[in-house]
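Observations on the three-dimensional arrangement
Listed below are the residues making up each chain.
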Amino acid sequence: MGHQVIIFDFSLIRGLWETRVKKNKERQRKEKERLEKSSLEKSGLKIYLPEWNFILECRKKGIPQSKYLRKGFVNTDEKILDTYGKAPQLQKRHALSDKENKTRNKFIFQLSGEQWMEFPDSLKEQIYLKEWHVCNTLIQTIPAYIALFQDLRVLELSKNQISHLPVEIGCLKNLKVLNVSFNNLKSVPPEVGDCENLEKLDLSGNLEITELPFELSNLKKVTVVDVSANKFHSVPICVLRMSNLQWLDISSNNLTDLPEDIDRLDQLQTLLLQKNKLTYLPRALVNMPKLSLLVVSGDDLVEIPTAVCESTTGLKFISLKDSPVETIVCEDTKEIIESEREREQFEKEFMKAYIEELKERDSTPCYTRKVLLSLQL
């Protein structure tokens, strides 16, 4: 029998995870306070905060303790920092590191904050940039002059108000990462299929995308596709033609079935299908030799091939039972949408952490265990 992990009650697991995070943060805070207290009062020596900061600076620069601490007193003379400086090798290493970071940052454009409603005019002059990182702004459109940025490798535009992608995005032949998650997109232009070197495509959290253009079939180098939290009724045909795809997240959509030829994705390793309307899983899943993680929601599933649960390929099959989510009636439609975005974003972070934890496990039980927890007040 292969590896099988069945998990019931998604909300319970999430609650336990939240509690663990809070406890960990509280433990880190107490440990930090303890270390600060023990360091400041070590050997009965009381060191005031400015002196402690000076000591930290000296240590950072590699200055011997004997140069700034004598007979229990701290000499905070700034000349010490100037005179001794860093050790030659350390100084050289830091200089190289700073130079590399400075050079790298020169090619990265970063922008965040709700005060931004459009891109700064100066951006169009910096066509040498290799990365754009724009998030949490009120920007709605991407300028057409993006076509000039021929060296662009990464286009991270998550959590903005972008309503459409310009066709000029297809001119970015060297683009490897396109992330327009949690925006207001309703469609994707066919020109995205011209980004022949694209490796990662993230369209998650837009809530309204229903299909992808067939032209995206040209993206033969894509290994990661995330279209979760949208309104897909089926797996897009273009996705089935992405021959190098390894990770597909199409959770939180309106899927009612999977294509019988889904095994065309013979390189696929992770398939996330939870929070859809699936009633059965096709046997074709067994024919996917590299599939190692399959996640579904068990509420509507009435037929699961035994071969999937008892796969001999080491497949981890996870069935999450979602608890009903109460819909809060609200006059403000925008508030409902934002609440849904936040929930989807949180659940994505949770699943990411959970999957990482699964990967760290040396082994998984090869039997099904259902655990019921109850609390009587």
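Our subject is the structure listed above.
Read on for an overview of the structure.

Cut-off values and rules
- Residues numbered from 1 in each chain as written.
- Predicted model: local features only at pLDDT ≥ 70, side-chain atom pairs only at ≥ 80, totals over all residues.
- Heavy atoms only, no water.
- Phe/Tyr/Trp six-rings, centres within 6.5 Å; stacked < 30°, edge-to-face > 60°.
- Helix = DSSP H or I, 4+ residues; strand = E, 2+ residues; numbered from the N terminus.
- Buried < 20%, exposed > 50% of the residue type's maximum accessible area, 1.4 Å probe, protein only.
- Pairing = 2+ DSSP bridges.
- Axes fitted to C-alpha atoms, helices over the stretch in contact; angles between N-to-C directions.
- 1 Å grid on protein atoms, 1.4 Å probe; cavity = no way out; pocket = protein on both sides within 12 Å on 5 of 7 lines; lining within 4 Å.
- Points joined across faces, edges and corners; volume = space filled by probe spheres on them.
- Nonpolar A, V, L, I, M, F, W, Y, C, P; charged D, E, K, R; others polar.

In total, this model carries five aromatic pairs according to the counting rule given. An angle of 65 degrees between the planes, with centres 6.1 Å apart, marks the rings of F109 and W132 as edge-to-face. Taken as a pair, F109 in strand β3 (residues 108-112) and W132 in strand β4 (residues 131-135) lie far apart in primary sequence, 23 residues in all. The exposure class of W132 is buried, given its relative accessible area of 0%. Centroid distance F119 to W132: 5.4 Å. Interplanar angle 40 degrees. Geometry classified as tilted. In this pair, F119 is assigned in the loop between β3 and β4 and W132 in strand β4, connecting sequence segments 13 residues apart. The same class applies to F119 and to W132, which are both buried. An aromatic cluster of three or more residues is present, and its members are F109, F119, W132, Y145 and F149.

Taken together, 10 strands build an open sheet; the order of strands is β3-β4-β5-β6-β7-β8-β9-β10-β11-β12 and the sheet is parallel. Across the chains shown, the open sheet's two edge strands, defined by having one partner strand only, are β3 and β12 (316-320). Neighbour-to-neighbour, the strand axes of this sheet turn through a mean angle of 5 degrees, independent of strand direction. Bridge count between β3 and β4: five bridges; the pairing is parallel. Its bridge partner being in β4, I108 is matched across the sheet by E131.

The subject of this paragraph is the layout of surface pockets. Put simply, the second largest pocket is a space of about 700 Å³. Residue lining of the second largest pocket: 29 residues in total, with D202, D226, K348, E349 and K352 positioned closest to the centre. Elements represented by at least two residues in the lining of the second largest pocket include exactly β7 (200-202), β8 (224-226), β9 (247-249) and α7 (333-360). In terms of residue count, the dominant contributor to the lining of the second largest pocket is α7 (10 residues). When grouped by side-chain class, the residues that make up the lining of the second largest pocket number seven nonpolar, nine polar and 13 charged.

On to empty space enclosed by the protein. For the structure shown, the criterion picks out two cavities of 30 Å³ or more. As a volume, the second largest cavity reaches approximately 40 Å³. Taken together, L273, K275, N276, K277, L278, S297 and D300 make up the lining of the second largest cavity. For the lining of the second largest cavity, a count of residues per class yields two nonpolar, two polar and three charged.

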